[in-house]
Amino acid sequence: MQKMISILGSTGSIGRQTLDVARACQIGVAALTANRDVVRLEAQCREFRPKLAVLMDPAAADDLRVRLADTGIRVASGMEGLLEAATLPQADTVITAVVGSVGLRPTLAAIRAGKRIGLANKETLVCAGELVMDEADRWGAEIVPVDSEHSAIFQCLQGCRDRGEVKRLILTASGGPFWGKTREELEHVTLADALRHPNWSMGAKITVDSATLMNKGLEFIEAMRLYRLPPEKIAVVVHRESIVHSLVEYTDNAVLAQLGVPDMRLPIEYALTWPNRGSAVTEPLDLVKCGNLTFAEPDEETFRSLPLAKEAARRGGTATAILNGANEAAVARFLAGEIGFLDIPRLVERALERVPAGPADTLDDVFAADEAARACVR
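In this numbering scheme, every chain counts its residues from 1 along its sequence in written order. Local features in this predicted model are restricted to residues of pLDDT 70 or higher, and side-chain atom pairs are both shown and tallied only at a pLDDT of 80 or more, whereas totals for entire chains, interfaces and linings draw on every residue. With hydrogens and water stripped out, all remaining heavy atoms of the structure feed into the side-chain values.

- Under an unreviewed UniProt entry, the name given to the protein chain is 1-deoxy-D-xylulose 5-phosphate reductoisomerase, and the source organism is Pseudoflavonifractor hominis.
- UniProt positions are given in the numbering used here, feature names are shortened, and annotations may be inferred rather than shown by experiment. The record held by UniProt for the protein chain lists under Pathway (unreviewed entry) the comment "Isoprenoid biosynthesis; isopentenyl diphosphate biosynthesis via DXP pathway; isopentenyl diphosphate from 1-deoxy-D-xylulose 5-phosphate: step 1/6."
- Per UniProt, the protein chain has the following entry under Function (unreviewed entry): "Catalyzes the NADPH-dependent rearrangement and reduction of 1-deoxy-D-xylulose-5-phosphate (DXP) to 2-C-methyl-D-erythritol 4-phosphate (MEP)."

### Some remarks on the pattern of salt bridges
Working step 1: We define a salt bridge as a side-chain nitrogen of Lys or Arg found within 4 Å of a carboxyl oxygen belonging to Asp or Glu. A full pass over the atoms with the stated rule returns 30 salt bridges.
Working step 2: Between Glu249 and Lys167 there is a salt bridge, and its shortest N-O distance comes to 3.7 Å. Taken together, the residues Glu249 in strand β10 (residues 244-250) and Lys167 in strand β8 (residues 166-173) connect sequence positions 82 residues apart.
Working step 3: Each residue gets one of three labels from its accessible area relative to the maximum for its type: buried under 20%, exposed over 50%, partly exposed in between, using a 1.4 Å probe on protein chains only. On the basis of relative accessible area, Lys167 is assigned to the partly exposed category, the value being 39%.
Working step 4: When salt bridges with common partners are traced through the structure, they connect Glu42, Arg46, Asp63, Arg67 and Asp70 into a single cluster. We count a stretch as a helix when DSSP gives it H or I for four or more residues in a row; a strand needs E for two or more, and each element gets its number in order from the N terminus.

### Thoughts on the UniProt feature "binding site: NADPH" (unreviewed entry) in the protein chain
Working step 1: The UniProt record marks Thr11, Gly12, Ser13, Ile14, Arg36, Asn121, Glu123 and Gly203 with the feature "binding site: NADPH" (unreviewed entry), using the residue numbering of this structure.
Working step 2: Looking at the secondary structure, you find Thr11 in the loop between β1 (4-8) and α1 (13-25).
Working step 3: Should any heavy atoms of two residues lie within 4.5 Å, those residues are considered in contact. Once you skip the residues sitting within four places of it in the chain, Thr11 turns out to touch Arg16, Thr33, Ala34, Asp37, Arg40, Leu41 and Gln44.
Working step 4: With respect to the secondary-structure elements, Ile14 resides in helix α1.
Working step 5: Beyond its immediate chain neighbours, meaning those up to four positions away, Ile14 contacts Ala97, Ala120, Val146, Met264 and Ile268.

### A look at the sheet that holds strand β11 (residues 255-259)
Hydrogen bonding along the main chain pairs the strands of a sheet, whether they run parallel or antiparallel.
Working step 1: Spatial ordering of the open sheet is given by β9-β8-β10-β11, a layout of 4 strands whose pairing is mixed. A strand with exactly one partner marks an edge of an open sheet, and here the two such strands are β9 (234-238) and β11. Strand-to-strand twist across the sheet, computed as the mean angle between neighbouring axes with direction ignored, equals 20 degrees.
Working step 2: Bridge analysis of β8 against β10 gives 5 bridges, and the strand direction is antiparallel. Bridging across to β10, Arg168 finds its partner in Glu249.
Working step 3: Every axis corresponds to a line fitted to the C-alpha atoms, with the helix fit spanning only the stretch in contact, and the corresponding angles, defined between N-to-C directions, vary from 0 to 180 degrees. The sheet contacts of helix α7 (residues 148-156) involve β8, β10 and β11, and relative to β10 the element is tilted by about 40 degrees. Pairs of strands are assigned from DSSP output, requiring at least two bridges between the strands.

### Quick notes on the UniProt feature "domain: DXP reductoisomerase C-terminal" (unreviewed entry) in the protein chain
Working step 1: Under the local residue numbering, the UniProt record ascribes the feature "domain: DXP reductoisomerase C-terminal" (unreviewed entry) to residues 259-375.
Working step 2: Structurally, residues 259-375 comprises 53% helix and 1% strand, and the distance from its first C-alpha atom to its last is 41 Å.

### Section: the sheet that holds strand β2 (residues 28-34)
Working step 1: Spatially, β4-β3-β2-β1-β5-β6-β7 is the arrangement adopted by the 7 strands of the open sheet, whose pairing is parallel. The sheet is open, and its two borders are formed by β4 (74-77) and β7 (143-145), each paired with just one other strand. Adjacent strand axes in the sheet meet at a mean angle of 20 degrees when their direction is disregarded.
Working step 2: Sheet topology places β1 next to β2; 5 bridges connect them, and they run parallel. By the bridge assignment for β2, Ser6 is matched with Ala31.

### Brief notes about the nonpolar core
Working step 1: Counting residues in hydrophobic clusters, the biggest one holds 121 residues, and the most contacted among them are Ile143, Tyr227, Leu323 and Phe341.
Working step 2: When residues in this core are grouped by element, the largest group, 9 residues, is from helix α14 (residues 319-335).
Working step 3: Non-local contacts of Phe341, meaning those with residues more than four positions away in its chain, are made with Phe178, Leu186, Val189, Ala194, Ala211, Thr212 and Phe334. Put simply, buried Ala, Val, Leu, Ile, Met, Phe, Trp, Tyr and Cys residues joined by side-chain atoms within 4.5 Å make one nonpolar core.

### Description of the side chain of Glu249
Working step 1: Residue class for Glu249 comes out buried when judged on its relative accessible area of 9%.
Working step 2: When residues no more than four places from it in sequence are discounted, the contact partners of Glu249 are Val166, Lys167, Arg168, Ile170, Ala254 and Val255.

### Quick word on the packing of aromatic side chains
Working step 1: Two rings belonging to Phe, Tyr or Trp (six-membered ring only in the last case) form a pair when the distance between their centres is within 6.5 Å. Interplanar angles under 30 degrees mark stacking, angles over 60 mark edge-to-face geometry, and anything in between is tilted. Applying the stated criterion across every chain yields a total of 5 aromatic pairs.
Working step 2: Residues Phe178 and Phe341 carry aromatic rings whose centres are separated by 5.0 Å and whose planes lie at 80 degrees to one another, so their mutual orientation is edge-to-face. In this pair, Phe178 sits in the loop between β8 and α8 (183-186) while Phe341 sits in the loop between α14 and α15 (343-354), placing the two residues 163 residues apart along the sequence. Of the two residues, Phe178 and Phe341, both sit in the buried class.
Working step 3: Here Trp179 and Phe303 contribute two aromatic rings whose centre-to-centre distance is 6.0 Å and whose plane-to-plane angle is 20 degrees, an arrangement assigned as stacked.

### Digging into unusual backbone geometry
Working step 1: In the segment running from Trp274 into Pro275, the intervening peptide bond is cis, with an omega of 10 degrees.
Working step 2: Among the structural elements, Pro275 can be located in the loop between α12 (265-273) and α13 (305-315).
Working step 3: One non-glycine residue with positive phi stands out, namely Gln26, at about 55 degrees.
Working step 4: Structurally, the position occupied by Gln26 is in the loop between α1 and β2.
Working step 5: Of note, the phi angle at Ser242 is positive, near 55 degrees, even though the residue is not glycine.
Working step 6: Following the sequence through the fold, Ser242 ends up in the loop between β9 and β10.
Working step 7: Using a relative accessible area of 5% as the deciding quantity, one classes Ser242 as buried.

Below is the structure:
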């Protein structure tokens, strides 16, 4: 039987690369979703012929419905449509590649429908990781990470029979486009500078998060939730070459690492084929030609987003939802040209100081904290 997938966020960077893998590996597509990119979603639908296409924007969905009238593809809109795409019976795997906390509800819906989750939306575990992992245990759903760093850790843990043998997880960070700059220099960087990542091709929001190192902070929290480890068992190192994607250190001091060219199609394919491996869809890594591999401590004095994320992780409860909501709102303002680059961590820190954190026992708790944090940043 042909493997069938639903892709939540198919017009973004991860979504497009997932379709590249689907094309190369002859994987069927049951549903595609996007925010409002009608033109790109129409082209994807005409090539992959999903059962369902969803646009969050209702007016865009109306436009797409007219455009696809000759195809038989059903078009839906809004969160209701996103939830339907996440639970479509024809799909066995759901790639959650939407950006931000909007991915939380559809991820939970897919878990409760017994789908394998190819998790590319890190905000889901940052905001409500314990709730999500408990639901995955309850429903027997598989969560396979798509982020290159967490995919690397996931692969390095495959031979681990006892999680007590893990001494620590080591997340690698590229350092983004501003590594080595001082705070004084960062006061004057532009949006165009921030979007110029040296190694990876990503969407605007995650590229800015990489520049502030918030992306690594979110991954720090995600690692705690995904692998159920305390913060003191997770470390971050800067690795500018983006060849070593992350490492696992065991109690006997053996260190396993996953290496590869910086290409998101590799972790995407692994999420779709695990526990097996498919044919190569990326270029091979040439160890002779890739040059020296360097590692350094992150500069947490200059890049304040990373220590803010670590502090929120230690506080627990809704503190991580406050962190994420404030960061999403601040990055949106930076992308709109309303604030400077260093204002992003300043606004996040303000939200963490002003919005009280409490237990994250329910989704209502999480969403209330998220909204309060965004209001503090607007």
